[in-house]
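Chain by chain, the residues:
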Amino acid sequence: MTNLNNALVAQAGLRTWYANHARNLPWRLKPSLYGTWLSEILLQQTQVETGRPKWHLFMERFPTVGHLARASESEVLKAWEGLGYYRRATLLHKASRIIEAAGEFPMSYDAWLKLPGVGPYTAAAIASIGLGEAVAAVDGNVQRVVSRWAGIADPVDGKTGAQAIQTVADAWLDHDAPGNHNQAVMELGALVCKPRKPLCTLCPISTHCASANNPDMWGVLPAKKLKKKVQRWELTWHIARFENNIVAIKRPESGVWANMWAFPETPPPSHFLPLGALMKPITHLLTHRRIEATFQGWRAPSKAALEAYAKEVAGEVMTWNALKKRAMPRLVTKVFDALHGE
Ligand code: SF4
């Protein structure tokens, strides 16, 4: 572990480096609590380049927290489409309604932490960037930078490792500019202390870094606990249609793809004509799940038969175009693109 002096040297190096190298991200240009919060939720599990256009889209469609709160959940899910981890959108929407009802944004780290979808990292990022509160934000980038710099070998997703990382992050924190400081460490992780090949020769904190120019250390830090086994999920969706009408269902409120639109997993009755596999199986990856999806086609003998099947699976009869307007997980979008217009 390093001493306070080294921490202060690192803090100064970070400050200068960030002033010269910070990317011009849209939420940094005219910072607001709403824009910062939105960017932090969008960037959880999403790359900056993917999150950036979505941030613009959200700011256009829901320019204030009030607009977001007054939108329906399905409008928010639709706007989120393509980003995955849809629970983030549901919780963002719930939180917007709490803020709207309170009449103001939370004004401290502790208050942000009470909102749905806001964990310690997000609360620290928003409170430091948006409110100037001196709290160190620790995300995956920060874990990587700090564990390498201080040579922390305990898994960063375990209690001891997480505490060790937090201690160093707290010691580094620039109390005069906590928001810029937190962004500087994250930016350093994204641009310089990269996962595979960190650019140590360009690094402003290499002087006291335990891993500088040491590929053996880069390979093992940040250490992680053994990963959960990935589950295999064999999924068959039944795509039954009559003329341009199909049956789609809204998935349950909890679990994978909550509240999003997909196809039934229950096959239609035997008087439907089986059309066989409509397209090649698709392998689709979610966290801890590997989905092998197949798509069986069916032709209904009549619209009434299609409607009866929809009722049986608690679904709806709709056209492909109507489905396109609903919030769909990426796997359904792939099916849609492959089959629409057939
Ligand atoms: S010197 Fe290298 S390993 Fe250390 S923090 Fe900088 S980029 Fe990462």
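Residues numbered from 1 in each chain as written. Predicted model: local features only at pLDDT ≥ 70, side-chain atom pairs only at ≥ 80, totals over all residues. Heavy atoms only, no water.

1. Focus on the side chain of Thr90
- Tracing the chain through its elements places Thr90 in helix H7 (residues 87-102).
- By relative accessible area, which is 16% here, Thr90 ends up buried.
- Not counting chain neighbours up to four residues away, the residues in contact with Thr90 comprise Glu73 and Leu77. (Helix = DSSP H or I, 4+ residues; strand = E, 2+ residues; numbered from the N terminus. Buried < 20%, exposed > 50% of the residue type's maximum accessible area, 1.4 Å probe, protein only. Contact = heavy atoms within 4.5 Å.)

2. Let's talk about helix H14 (residues 303-312)
- Taken together, the buried positions of H14 are occupied by Ala305, Leu306, Tyr309 and Ala310. Angular distribution of buried residues about the axis of H14 spans 140°; they occupy a single face of the element. Among the exposed residues of H14, those pointing more than 90 degrees away from its buried face are Ala304 and Lys311.
- Along its buried surface, H14 packs onto strand S1 (231-242), strand S2 (245-250) and strand S7 (315-319).
- Looking one or two residues beyond H14, the residue adopting positive phi is Ala314, at roughly 55°. (Arc of directions from axis to C-beta.)

3. Considering the domain arrangement of the chain
- Here the chain is described as being made up of domain 1 (4-220) and domain 2 (231-339).
- A separation of 37 Å is found between the C-alpha centroids of domain 1 and domain 2.
- The interface is formed by 9 residues belonging to domain 1 together with 11 residues belonging to domain 2.
- Approximately 740 Å² of surface area, both sides summed, lies buried where domain 1 meets domain 2, with 48% of it carried by carbon and sulfur atoms.
- Interface area lost by domain 1 to domain 2 is led by Lys78, Glu81 and Tyr86, which between them contribute 54%.
- At the boundary of domain 1 with domain 2, the tally comes to 0 salt bridges.
- Across the contact surface, domain 1 and domain 2 share 5 residue pairs in polar contact (both at pLDDT 80 or more).
- Of the residues that constitute the side of domain 1 that touches domain 2, the class distribution is 4 nonpolar, 2 polar and 3 charged. (Domains from an automatic or database assignment. Buried area = accessible area lost by both parts, 1.4 Å probe. Salt bridge = Lys/Arg side-chain N within 4 Å of Asp/Glu carboxyl O. Polar contact = N/O pair within 3.5 Å; in protein donor to acceptor, adjacent residues only side chain to side chain. Nonpolar A, V, L, I, M, F, W, Y, C, P; charged D, E, K, R; others polar.)

4. Considerations on the site of the ligand
- Taken together, Val192, Cys193, Pro198, Cys200, Cys203, Ile205, Ser206, Cys209, Ser211, Ala212 and Trp218 make up all the residues around the ligand.
- A class-by-class count of the residues in the shell around the ligand yields 9 nonpolar, 2 polar and no charged. (Near = heavy atom within 4 Å.)

5. A closer look at the pattern of salt bridges
- In the structure shown here, the tally under the stated rule is 11 salt bridges.
- When the shortest N-O distance is used, the salt bridge between Glu187 and Arg28 registers 3.1 Å. Taken together, the residues span a long stretch of sequence, with Glu187 in helix H12 (residues 178-191) and Arg28 in helix H2 (residues 26-29) at a distance of 159 residues.
- Arg326 is the partner of Glu316 in a salt bridge, and the nearest nitrogen-oxygen pair spans 3.3 Å. Taken together, the residues span a long stretch of sequence, with Glu316 in strand S7 and Arg326 in the loop between helix H15 (320-324) and helix H16 (330-339) at a distance of 10 residues.

6. Quick look at the environment of Glu75
- Relative to the helices and strands, Glu75 is located in helix H6 (residues 73-80).
- Sequence separation between Glu75 and Ala136 is 61 residues, and the spatial gap between their C-alpha atoms is 34 Å.
- In terms of polar contacts, Glu75 uses its side chain to reach the backbone amide nitrogen of Ser72, at 2.7 Å.

7. A few points about the packing of aromatic side chains
- A complete count under the given rule lists 14 aromatic pairs for this structure.
- An angle of 65° between the planes, with centres 5.8 Å apart, marks the rings of Trp27 and Trp55 as edge-to-face. Of this pair, Trp27 sits in helix H2 while Trp55 sits in helix H4 (residues 48-61), and the two are 28 residues apart along the sequence.
- The interplanar angle of 45° and the centroid separation of 5.7 Å between the aromatic rings of Trp237 and Trp257 together place this pair among those described as tilted. Separated by 20 residues along the polypeptide, Trp237 in strand S1 and Trp257 in the loop between S2 and strand S3 (261-262) bring together distant segments of the chain.
- You can call Trp257 buried: its relative accessible area is 7%. (Phe/Tyr/Trp six-rings, centres within 6.5 Å; stacked < 30°, edge-to-face > 60°.)

8. Brief notes about the side chain of Asp174
- Relative to the elements of secondary structure, Asp174 occurs in the loop between helix H11 (159-172) and H12.
- At 2.9 Å, the side chain of Asp174 and the side chain of Arg15 are in polar contact.
- A polar atom in the side chain of Asp174 sits 3.0 Å from the backbone nitrogen of Asp176.
- With residues near it in sequence (within four places) discarded, Asp174 still touches Gln11, Arg15 and His181.

9. Topic: unusual backbone geometry
- Omega for the bond connecting Leu221 with Pro222 falls within 30 degrees of zero, at 0°, which places this linkage in the cis form.
- The topology assignment puts Pro222 in the loop between helix H13 (215-220) and S1.
- Look at Gln45: it is not a glycine, yet its phi comes out positive at around 65°.
- The topology assignment puts Gln45 in the loop between helix H3 (33-42) and H4.
- In this model, Trp257 sits at a positive phi of 55°, which is unusual for a non-glycine residue.

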